[in-house]
Structure formats: structure tokens, C-alpha cells
Amino acid sequence: MALLEPAFLESLERLALATRTRLLGFFAGEHRSRRFGSSVDFADYREYRPGDDFRRIDVSLSARLDRLFLKLFEAEEDVPVRIVLDGSASMGQGLPAKMLPAQRIAAAFAHVSLVGGDRVRLYVARDGGSEMSRWFRGKGESFDAMAWLEQRRPAGGPGVRDAVRSIREEGRAGVIVLVSDLLEPSWEETVRRLAPPGEAAVVHVLSPEELAPELEGDLTLVDVETGAETEVSASPEILAAYRRRLDAFLAGVRSACTSRGIVYGLAKSNDDVAELFLRSFRRERLVR
Amino acid sequence: MTFIAPFALGLAALAAPIVILYMLRSRRARRPVSSTMLWDVGRRSVSANAPWQPLRFSWLLLLQLLALALVVLAVARPARPTAVPLGDHTVLIIDTSASMQADDGGRNRLESAKRQALKSVGQLSPGKRMSVVEAGPRARVVLSGSTDRRAIVEAISSLRPTDGPTDAGGAFALGSSLETPDTPTVLHFYSDGGVRPEDRDAPGSLVHIPIGSPAGNVAIGRLSVAPKGAGWDVFVRIVNAGSARVDAALVLEVDGGEVARESVRLDPQGARDTTMSISRTGGGRLTARLENVRAAPGTVGDARTALVNGLAVDDTASATLDRGSGLRVLLMTPGNVFLESLLRSIPGSEVSVGEAVAPARGFTLAIYDRVTPPDTLEAPSLVIAASKAPGLTVTGSVEKPVVDFLQPREPIVEQVDLSRLAIRIAKRIRTEVLRPIVAAGDDPMLAVGVPGGRRMAYLAFDLRESNLPVQVAFPLLLGNLVSWLTRGEGPDRAALVAGNSLPLRVPGRATSFSVELPGGFKVERPAGRAVFDETDRAGFYRVRYLLGKASLGEETFAVNVPGSETSLSPRPVTGKLEGRDRPGLRLSGLRAWGPGFLAAALVVLLAEWWLAHGRPGAGQLRRRTSPAAPGLERNRRPREEALP
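These remarks concern the structure in this document. (Residues numbered from 1 in each chain as written. Chains lettered and ligands numbered in written order. Predicted model: local features only at pLDDT ≥ 70, side-chain atom pairs only at ≥ 80, totals over all residues. Heavy atoms only, no water.)

**A look at the sheet that holds strand E25 (residues 443–449) of chain B**
Residues and elements named next belong to chain B.
Argument step 1. Ordered by their spatial adjacency, eight strands build an open sheet running E18-E17-E19-E20-E26-E25-E24-E22, and the pairing between neighbours is mixed. The sheet is open, and its two borders are formed by strand E18 (350–354) and strand E22 (405–406), each paired with just one other strand.
Argument step 2. In terms of strand pairing, E25 meets strand E26 (residues 456–459) through four bridges, oriented antiparallel. From the neighbouring strand, Val 448 faces E26, where its bridge partner is Ala 457.
Argument step 3. The sheet strands contacting helix H9 (residues 473–486) are strand E19 (365–369), strand E20 (381–384), E25 and E26, and the helix crosses E25 at an angle near 35 degrees. (Pairing = 2+ DSSP bridges. Helix = DSSP H or I, 4+ residues; strand = E, 2+ residues; numbered from the N terminus. Contact = heavy atoms within 4.5 Å. Axes fitted to C-alpha atoms, helices over the stretch in contact; angles between N-to-C directions.)

What follows is the structure in C-alpha cells.
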């Protein structure tokens, strides 16, 4: 069963990644390019590939050469879109667990990007590194991307910081979409490394229990990634203190992102992903 | 039912701390969360002011208490009485003779005996004692009256097989000596029964635990040498104690080099005497060895598949080629070329021959062949067909006597085949002093004794009136007789068997002597102790006499496996459980059930672990069974229940 329903996929095709700066790209796409000033100047032709927007087929050239060709415009080059999904063990926590909605969000971003003519590579970060897919191109490979994501399971320790660092160290600009709960002490460094030269977006996924825990009695909380234990007594005072820390954490993440030009969106694991994309993320300008 | 270790029931008191710990136990549930970084907000325990929690029903507590109960039972070893005759004091006598090295279904008989003995140890009731006695060539007490099971097991495990006979009589005497008047004692004898006939009737309160199953065996029963010119004649007797016809190769080696080889075929329960000549002027170490022992072609039925050679150690025999025995013989005979030539063939012998009686003082041996000896013997004497001799009366003659009796286990006729002996006429004698060794009906044909303090043997027939001189048995019998007659206090040098003391001739100046054992290991002993009896292994023992570090000379002894170990057919030893009705004699053992309880305890512990850790929905069961005690949920909740 695919991560996303056909109806939702169809609705996603009306969306595009929102980018705020000009980007360097290589293939036909819908993003503005810093190299070219106009979005309507003809640049080149290239052969049609499955998944390309058939509306851009140059009918006359294709009729003459008996093959399908795509018309490229200077201002509409694609960008590499890297979607980093936090695959650590903490993403398996929550009721419902955060992993499945995170996978659906990542798949939705991938679909939006592929429909927009961008190429997409997926990363699943854990244990100080990441597992990455091949580059997907064209709408037709959207299901391949979803299938790749669907096979990932949460396990291991934190890894998004190192995954983002290694992507940025490649030195290539592009869009990075990070889908993570950011529940690790190095979250600030992660956000800092997401900052330009490339575009970046953060989808912060938390479970309802993490946002509003309902605990009773004395507990030993065990960190599923590090095994660290913390004994707490779930008194109203303690819960109130937790909520204060959580609010400060969420505010801190949002502030760190926005101050660096990173688009930020918060998602709960029990949110409807379609609703998120069609309303919340548009409002947050994650997509347009 | 009773308990072997009842004191272990005290361990049941551990249930109290388990319950107390359960009541005192911090009811802090363990909850997996994505991260603890937001939870460092306070640690005040809401239940710190209520350390005692009411005890509520818990499957986990129940399983833990059940596991403890099973462990306690396993340690306390509940047991039921069995019919094993164990006394308040049980003496385990274990046969370590050469025959116990025989194959017994993949292990040797001694290992089987030790296993059986260890089983008895396992059935020992608390407070009861056990002793361990080794019945080897020299019986010895290995462990005396111990209640320590570990010490008993170690004592049994320490026993090693020997190449010697079983001193069962000595072992029984030792075992009986360990009995005290107030402690009823039972002797357990673990043996294949290869004991001397006089030891078969064991003392009271003895139980024979038979070891081993019947098996065939081929052995070199006798090896002796005699100089012949510049070389040597080697007499070998090969015995087949099995039920199959057997083929084998007999190999002679001198100092490790093969000098002769001969194929032999042996009938079931048969023996073969063979003489082989080797041309070697000097001395050396002679080894005779059987190789490639197998059932002969054409053997059918059970005999073909039966084990034909169950004991390997007696496939080899050894002898020293030594010409210097220093034997001075006075032969008085009207004429006997067989006897004279045979005596002259004895290595280093000096034979003086005369027709009439002569003073025998100063001779090692006097032989009166058809010559009447003096009433008082002056030397060890062999009297042949004389009409008068000390210690006996000649009452007549007997024609064509048929030998039908050989004294069993008698070294003089050991491995001597007289089945084809034919005698035309013999003296009929009556004697109360001499002991018949060979007899035809009531008429002794050969009798030995010590009349007047001198060893004497009387042969009732003229050698010329029999076919004995032309049989292989003749040199063997005469050799045995000479050995017995001329033996000092020590054993015969030419017929040493494992367990015998070496007849050392320690020079007066020697301060010590060293012995190189068959395995190459060397031991040194002070000269004052001129006895060396650590001869449990067959082979060559090289003795060097020392004055400080200087050598005063050396000699080599050949030690062989005794012929009594050849037969591998288990034989019963008649034990009488004397005093079965004696008050206080406990004739029952205990069979413990311990291992089963341990296994059950392990299963219960696994169930407890599974309930606590592994079973999906275990938390639901715990909550259902202990709704007010969330603290009992010490483990990870299932994933669908996970809370931050």
C-alpha cells in the first residue's frame, strides 16, 4: 500500500515547493534561477522523459523530428531537492508513532518536487550518518520514492546533524527538507547547518504525548536512543515545568529556523497529512 | 521421601526478603521516551513518604516465589529410597587390574566401574560415610571414611588402570579393616571378577558389582629365552581366550629392531607354543608383539563379529637377553641327555653331572634323577622318579596315568600345556607335606613343598618313560621349576609381572639407585630401601646403582602382564551380605530428584522473564492483576502503549 492516497497525490500536484532565493539547477524545472533574469526566455530543448510535464512538449519540433522534445526556458531550471527523514529510534515513539506521518510528509514533499520537475534524493538519518536513495526524476518515479521511504523503519541513535553536515559539505546548493522530531541536544547545530547557501525547510514532527504528556506517579524515563534514564515524579508541578521547557524548545527551534531563512512547520503525529499540506504548510509557506 | 541435604531447606527463608523487597520496592515504572532532554525538570518522588506498599497479587511475585521453591528443592535434593545396599559406611573397592583396561562399549572397564561407583556416591544419604580402596596389584586405601562427596568423587576419579593383577584378597582385608564395631559397613566390589580363586569367596557384607561383558582376547601368555650357541632360543606361548579362530602375526624385536616374524593361527580357547631362534651374541631387550590380530577367514556367526582382542596391553611381552644368572647345578643321573642339555642351556649355568649321590652343599640346585636323595636336603632339589624322598612315601606305581588336574593359578604350571602328555608308568606317592601341582586322579605327578626347610619338587615319572622331553612344555615346566626352587625371598627375575617387587641386587657401597620406568620417567630411591615395587606398568625397568653421582652398575628387568588377566569373561565373586539383619545396617540408598527441580526452576524463571519483558500485552495482564500497583510494571510497555 502506497504511503499516499491517489486523491491526495492529485491534490499535491497543484502545489510547488516554495523557494525564496534563486537557485542553481541543471534541468527543466519551475524554480527561479539566479543565473537567468527572466522566466520566459527560451533556453534550449531536450528530449522528453517520462514524468516531465507534458505541457512543455514543443509540438512543432516533436512533429518535425518525430520524437518528443521539451522546451527549456532560462528561468525554469530544476534544483536538487534533498529530503532528510529522521530515522532514529525516537521516531518510533508516540501514539501514533511519528515515523509513519513523517514518512508520508517526506513522500508528499518528494511528489511535489518531482511533479515540479525537480530531482529528489531521499535520506534516512540515524546513528551519526544516513542512508540515501538514488536521485529520482520526474513524476513517474514518485512511486519509487514512496516505496523506498516505506521500507525504512525507525532504529538507532540520532543522525540528522551529521546527515545535514555531510550534505552541506558537498558544497552544492539546493533545497533540503528535514523531517524530524529534533529531540536531540544538537538540534541547534542541525538547524545552523541547514542555513544557506541552499534553501531549507524543517518539518518538526512531535507526538501528542510529547506535546501534552499525561503521566502519573513516579517514573523512570528511558531515552530510547541513548538509554539514559531520568527519574521523574509526574506531579502537576513537574508536568507544568515540562510544558514550559517544551514551549521554550519549540520557540527556540522556530526562532532558529526563521532567523536563518529556513521555513519551519510543526506537525503532530496524529495530524492529517493532507490537511497539513493543503492548509498548514501553505500557510507556513512550505509549499505554494 | 526424604532430603539428602535437608539444611538447604533453610534457603526457603529467602522468600521473606523477596516479599519485603516487593513491598519496599520503588514503584517507579520504566517508560521509554523519545528523549529525556526535556525531562530534566525535577526528581522529587511523589511516593517517598510511603515506603511500604500493600502487598498485592502479582504473577511476577508468584513466579519468583515458585522459582525459589524449586531451587530450594533442587539444592535440598529430595530423594526416595532405592534398593542399593549402602551401609552407614560403604567401602567402594575398585578393580584396577590389567583386565579392567579391556574395551567395554567405547570405554574401558575401569571407566565403567568408576561410573557405577559414582552413581552410588550420588545415592549416599547425608551423614553416611564412604571409603575408596584400589584393588590393583597392591591394594591400597585411597580415601578413608569420608562424608565429603567431592572428596569421594575425586578419589574415585583419581584411579588409573594398572598392568598388574588384582589383589582382591588384600583389598577385601583393607576394606574390612575400615569397619568399626559401631558402624555397619558394606563393601562394594566393582570388578570383572578376574581374581584368584581363593579370593572368590569374599568376606561378609560384600556386594560384587559385575563390570564388563564377555570379550575375546589374544595374549602372549609366556615369553622366555635360553641361549643357544651364539644366539638365543625364544619360547613364546600365545593364548586365545576368545570364541573365534584368530590369525595374527608374532613379531620379535631386539632393542627396537625387528629380528623375526611369524604368522600364527589360534583355535578358539586355544594356545600355541612356538620356538623361534635369533642369532645375536650379545644381550639386549627382547620384545614379542602380536600384530594384526583378526578373526580367521571362514569364521562365521557370532564369533566373526565378536571382539577377538579386547585387551591390547597383553599383546606385548618383554624379556632380557642376559647370559649371567650364575646358576650352579648338581645333576645326579644315570644318564639323561634331555635334562642335561636343557640345564646347560640356562643362561650362565654351571652344570656338574654325576651318577651317584654327591654332597649338594654350595650348589644352587640339586637334581636327583632316579637317584635317591639324602634324608636331609643340602640344596633346593628336584627329585625325579626316586623311590624315596623327604616328605613323601612311594607306595607303588601307576601305569599310563592320565593327567587330569593342574593346580589353577599355580605359577609353576602357568601357561604350561600338559594336555598331550603321555606317561607309561609313574611312581605312586602319598604325601602330607608336599602340595600336588599336577595329578592323575589321586596320584600326584608333580608335587612341591619345603620339607626340612629346603624347597623340593618331586616328579613322579621318569622323563624317558614319557613324551614330555619332546614337547614345548618341557623347557617351560623345567624353567618354572628351576625358578621356583632357586628363588630367594624375592620374585623370579625371569617371570616378573606388573606389581611385583624388582629383585634388586643393590651393591653394599651404593647410596641410591635410580629406576627408569617403561614410560621413560625416572625415579631415584635411597639404597637403604632396597625394594622397588612401583611396577604397575609392563615393560622394561632399567635400574642404575649409584654411589653419589657415580654409577656402580646397572641391570634391566622385564615386567609383563600376568596371565591371569588374559581371560576377559566376567566371573562372579561370591559375596555374602552378612549381617543383613544386623541392627543399624542400612541396606538402601537414595535416588535424588534434584536435576528435575532445577529444570523446572529454569522454566519458571524463563516464564517470569517472558511475562515481564517479552510478551506483547504483558503490561495489560500486570495492570489487570495489580491495578493499584503500577510500580510492579518495571519493564518496557509494549510499543502501542508507549508513553513519553
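**Some details on unusual backbone geometry**
Argument step 1. The linkage connecting Leu 95 of chain A with the following residue, Pro 96 of chain A, adopts the cis geometry, with an omega of 0 degrees.
Argument step 2. Note on placement: Pro 96 of chain A falls in the loop between strand E4 (80–86) and helix H3 (99–115).
Argument step 3. Of note in the backbone geometry, Asp 255 of chain B takes a positive phi value of approximately 50 degrees without being a glycine.
Argument step 4. With a phi close to 55 degrees, Gln 269 of chain B is a non-glycine residue in the positive phi region.
Argument step 5. By secondary structure assignment, the location of Gln 269 of chain B is in the loop between strand E13 (257–266) and strand E14 (271–278).
Argument step 6. What makes Gln 269 of chain B exposed here is its relative accessible area of 59%. (Buried < 20%, exposed > 50% of the residue type's maximum accessible area, 1.4 Å probe, protein only.)

**Re the packing of helix H3 (residues 109–122) of chain B against helix H4 (residues 149–157) of chain B**
Residues and elements named next belong to chain B.
Argument step 1. Where H3 contacts H4, the two axes come as close as 10 Å, and the packing angle between them is 170 degrees. Taken together, the axes of H3 and H4 are roughly antiparallel relative to one another. Taken together, the residues of H4 that come into contact with H3 (itself represented by Lys 114, Ala 117, Leu 118, Val 121 and Gly 122) are Arg 149, Ile 152, Val 153, Ile 156 and Ser 157.
Argument step 2. When its residues are assigned to classes, the contact of H3 with H4 shows six nonpolar, two polar and two charged. (Parallel < 35°, antiparallel > 145°, perpendicular 65-115°, else oblique. Nonpolar A, V, L, I, M, F, W, Y, C, P; charged D, E, K, R; others polar.)

**A word on the nonpolar core**
Argument step 1. Among the nonpolar cores identified, the biggest contains 45 residues, and Ile 105, Phe 109 and Phe 277 of chain A are the most heavily contacted of them.
Argument step 2. Ranked by the residues each element gives to this core, the list is headed by H3 of chain A, at 10 residues.
Argument step 3. Contact partners of Phe 109 of chain A, with chain neighbours within four places excluded, come to Leu 17, Ile 83, Val 177, Val 203, Phe 277, Phe 281, Leu 286 and Val 287 of chain A.
Argument step 4. Counting 43 residues, the second largest nonpolar core, distinct from the first, contains Val 329, Ile 367, Ile 412 and Val 438 of chain B. (Core = buried A, V, L, I, M, F, W, Y, C linked by side-chain atoms within 4.5 Å.)

**Focus on the interface of chain B and chain A**
Argument step 1. On the chain A side, the residues contacting the 26 residues of chain B number 40 residues.
Argument step 2. Buried surface at the junction of chain B and chain A, both sides included, amounts to about 3100 Å², of which 59% is carbon and sulfur.
Argument step 3. Of all residues in chain B, Ser 34, Leu 38 and Trp 39 of chain B give up the largest surface area on contact with chain A, accounting jointly for 25% of the area buried on that side.
Argument step 4. Applying the counting criterion to the chain B and chain A interface returns one salt bridge.
Argument step 5. Between Arg 30 of chain B and Glu 229 of chain A there is a salt bridge, with the nearest N and O atoms lying 2.8 Å from each other.
Argument step 6. At the surface where chain B touches chain A, the tally comes to 11 residue pairs in polar contact (both at pLDDT 80 or more).
Argument step 7. Of the residues in the side of chain B that touches chain A, the class split is 11 nonpolar, six polar and nine charged.
Argument step 8. Bridge count between strand E10 (residues 218–223) of chain A and strand E2 (residues 29–33) of chain B: five bridges; the pairing is parallel. Bridging from a neighbouring strand, Thr 220 of chain A pairs with Arg 30 of chain B of E2 of chain B. (Buried area = accessible area lost by both parts, 1.4 Å probe. Salt bridge = Lys/Arg side-chain N within 4 Å of Asp/Glu carboxyl O. Polar contact = N/O pair within 3.5 Å; in protein donor to acceptor, adjacent residues only side chain to side chain.)

**Things to note about the pattern of salt bridges**
Residues and elements named next belong to chain A.
Argument step 1. Taken as a whole and assessed by the stated rule, the structure comprises 43 salt bridges over all chains.
Argument step 2. We note a salt bridge from Lys 98 to Glu 210, for which the minimum N-O separation is 2.6 Å. Placement of the pair is Lys 98 in the loop between E4 and H3 and Glu 210 in helix H7 (residues 208–211), with a sequence separation of 112 residues. Here Lys 98 matches Glu 210 in class, with each residue buried.
Argument step 3. Through salt bridges with shared partners, a single network forms among Arg 161, Asp 162, Arg 165, Glu 189 and Arg 193.

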